[in-house]
Amino acid sequence: MNETLIFLERELYFKNLSKQTKKLMEKNGNNRKLRVCVATCNRADYSKLAPIMFGIKTEPEFFELDVVVLGSHLIDDYGNTYRMIEQDDFDINTRLHTIVRGEDEAAMVESVGLALVKLPDVLNRLKPDIMIVHGDRFDALALATSAALMNIRILHIEGGEVSGTIDDSIRHAITKLAHYHVCCTRSAEQHLISMCEDHDRILLAGCPSYDKLLSAKNKDYMSIIRMWLGDDVKSKDYIVALQHPVTTDIKHSIKMFELTLDALISFNKRTLVLFPNIDAGSKEMVRVMRKKGIEHHPNFRAVKHVPFDQFIQLVAHAGCMIGNSSCGVREVGAFGTPVINLGTRQIGRETGENVLHVRDADTQDKILQALHLQFGKQYPCSKIYGDGNAVPRILKFLKSIDLQEPLQKKFCFPPVKENISQDIDHILETLSALAVDLGGTNLRVAIVSMKGEIVKKYTQFNPKTYEERINLILQMCVEAAAEAVKLNCRILGVGISTGGRVNPREGIVLHSTKLIQEWNSVDLRTPLSDTLHLPVWVDNDGNCAALAERKFGQGKGLENFVTLITGTGIGGGIIHQHELIHGSSFCAAELGHLVVSLNGPDCSCGSHGCIEAYASGMALQREAKKLHDEDLLLVEGMSVPKDEAVGALHLIQAAKLGNAKAQSILRTAGTALGLGVVNILHTMNPSLVILSGVLASHYIHIVKDVIRQQALSSVQDVDVVVSDLVDPALLGAASMVLDYTTRRIY
């Protein structure tokens, strides 16, 4: 199905959505509302379920909400966290005391048994159409088992993920009991499909907690930091620690916790320590805390519970988070906060580049070294687990459930092929990148698909000042990201192509060309990442052109090739052994400044005789103006309006119409470029040279002639071609995003 048809189908779907939903409700039984039971067991799962509950509550014409509270919510030692549900103004229909104290393996089993005894009466009374169950806790397994045996449909949140401990087994067991699945990442979706779940009943929505996370960072946070850590604590100068027992290796996890506390004491930073969850081994971990005097240590604040809204602010502005909570590898990435993930509890989870893993430690030294490496850093914001639009997708998914369909699950054997993915609209979202091209004249932003198709492009004049330029970039990117949702494109990140010398590791423009003013020592990554909550890549426009050829153009599959851009200036990029060459000071591939004549014209770089001084658009414009001033440019059939500046295109037009002097200038320019290519062939010995840019087609034949005359015979067979890419800078900027995110398995 082509892209146009997909977009038309999507628009038609949205126009008819309310009508279809109405018909479906009538089919479900005389316009009856869908009765949804949300069961929450602890503070962690409530942070994921609360956004869905709020969404359900805002649509009373479609849903009735019943809330069941059980597990550690109702235990004083764990903060009586059911109160935060009441504070959120939800009516709790049922409270079930299901925890058997003891905090060991037997107590967990007995707690599951107690929940199984109590739940049937509750479910018989509430008679929900569907039960929403989250995650991988033993309480959730009891909920799913009860609902499945009582013929109640189950919607499982966060299935398909991989982590350590017994949680993996419980999560996958709930998956097999559940009728519908909401997953957070494309990998999780593929895991569910591989587990033979019906892909029509899988929704790739993202994590519901991200709907709150991505709108939370700009709130007043200093008062929250002071409340939990003291009046003298500054943003980015404290640590949040959250560590739970590993039920499959309790003894080792307690040892790791002891080493963690020793390292934190040695590191000597203010630290907020949250008590562990109720899993087997938690009692021993609390004993370790008390043995080391953590609750009375001046550098530590030990708490049982922090409300989720406040916890978000605390981790968003922390210097580091340490522990083994899933929050560290999932939610904290949305803020780019450094994380140290300890042990095996989260092994297998997809993580952003902000996470440093310490799988094992015999002493505190390894953990202490990790703290020194991570504390105070700021990483690009990661959206691996969500883009802030999960709840609307989940509500649409709920509305689409047909209660008249058979309750019996269908399993798909064999698994469907990789890359087949279906969301609520039955349309594959197009994995895409936001590409930004900062040129001397124009500023362009585009939505680029994985196939290199420019879905939509926006163009504005490039402002002259830094302030105006950065504000315009942010504005255009925000508008494009919003438009991407309407176009059914999932944006994976932002790639920026700009003139000048760039440090791609830090996302900083070190020195710009003279064409772009006020553009030295500019950090592009941070403002864009903070605004869009997306990872951001930045590189020189010549390098981006080479990347575009490697992914989408004539360099695809080649190990070594060189790209030369012929435009306003002359730039380039070098691909060697499939990788882009940046050089020791990020100055590699400044091919426009190869010197081809000791006595040549002055170049904008301060030298003379460079390729750019002969063959760039600026050089041709300079020569065209000289001819025009001497009345030697125009020939029969040509004219230049008074309000139009003479440029390179006029020189090319004159040459085509037989102007001998214009032809001579173009021949000299092409020869200079050809000599530069010969130098490249002798230095790099690539298998291909690609000429890109508006002037490439005018130079190609002259360049090939120079190679035949001047190059060594061993390189004369190297092919020189004109690029067939229309927007290499935009495509190259997009390729930085698409290559990196797919290699990371987004």
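Rules of the game
Residues numbered from 1 in each chain as written. Predicted model: local features only at pLDDT ≥ 70, side-chain atom pairs only at ≥ 80, totals over all residues. Heavy atoms only, no water. Salt bridge = Lys/Arg side-chain N within 4 Å of Asp/Glu carboxyl O. Helix = DSSP H or I, 4+ residues; strand = E, 2+ residues; numbered from the N terminus. Buried < 20%, exposed > 50% of the residue type's maximum accessible area, 1.4 Å probe, protein only. Contact = heavy atoms within 4.5 Å. Pairing = 2+ DSSP bridges. Axes fitted to C-alpha atoms, helices over the stretch in contact; angles between N-to-C directions. Core = buried A, V, L, I, M, F, W, Y, C linked by side-chain atoms within 4.5 Å. Domains from an automatic or database assignment. UniProt positions renumbered as here; feature names shortened; annotations may be inferred.

### Things to note about the pattern of salt bridges
Enumeration over the complete set of coordinates arrives at 36 salt bridges. A salt bridge links Lys 48 to Glu 158, with the nearest nitrogen and oxygen atoms 3.1 Å apart. Here Lys 48, found in helix α2 (residues 43–57), pairs with Glu 158, found in the loop between β5 (153–157) and α6 (167–177); they are 110 residues apart in sequence, far enough to count as distant. The exposure class of Lys 48 is buried, given its relative accessible area of 5%. For Lys 409, the salt bridge identified is with Glu 197, shortest N-O distance 2.8 Å. On the criterion of sequence distance, the pair formed by Lys 409 in the loop between α15 (390–399) and β14 (430–438) and Glu 197 in the loop between α7 (186–194) and β7 (202–204) is long-range, its members being 212 residues apart. With respect to burial, Lys 409 and Glu 197 carry one shared label: buried.

### Quick notes on α6
When α6 is considered as a whole, its buried residues turn out to be Asp 167, Asp 168, Ile 170, Arg 171, Ile 174 and Thr 175. For α6, the secondary structure elements touched by its buried residues are β4 (130–134), α5 (138–149), β5, β6 (180–183) and α7.

### Let's talk about the sheet that holds strand β16 (residues 454–461)
Strand order in the open sheet formed by five strands is β16-β15-β14-β17-β21, with mixed pairing between adjacent strands. Every other strand in the sheet has two partners, leaving β16 and β21 (536–540) as the edge strands with one partner each. Taken over all neighbouring pairs, the strand axes of this sheet differ in orientation by 20 degrees on average, direction set aside. Across the sheet, helix α18 (residues 541–552) lies against β17 (489–498) and β21, angled at about 105 degrees from β21, the strand it touches most.

### A few points about the nonpolar core
With 61 residues, the main nonpolar core has Met 131, Leu 143, Ile 239, Ile 322, Ile 340, Ile 367 and Leu 371 as its most contacted residues. Mapped onto the domain boundaries, this core takes at least three residues apiece from domain 1 (31–207) and domain 2 (216–374).

### A short note on the UniProt feature "binding site: an N-acyl-D-mannosamine" (unreviewed entry) in the protein
In the numbering used here, UniProt assigns the feature "binding site: an N-acyl-D-mannosamine" (unreviewed entry) to Arg 501, Thr 513, Asp 541, Glu 590, His 593 and Glu 612. In this structure, Thr 513 sits in the loop between β19 (508–511) and β20 (522–523). The partly exposed category is assigned to Thr 513, whose relative accessible area is 32%. The residue Asp 541 is located in helix α18 in this model. The class of Asp 541 is partly exposed, set by a relative accessible area of 27%.

### Here's the deal with unusual backbone geometry
With the exception of glycine, most residues fall at negative phi, and the peptide bonds are largely trans. At Lys 127, a position not held by glycine, the phi torsion is positive, near 45 degrees. When you line up the elements, Lys 127 lands in the loop between α4 (105–126) and β4. Phi at Asn 488 takes a positive value of approximately 65 degrees, unusual for a residue other than glycine. Among the secondary structure elements, Asn 488 is positioned in the loop between α16 (466–486) and β17.

### Here's the deal with the UniProt feature "active site" (unreviewed entry) in the protein
The UniProt record annotates "active site" (unreviewed entry) at Asp 541. Those residues in contact with Asp 541, other than ones at most four positions away along the chain, are Ser 497, Thr 498, Gly 499 and Ile 565.

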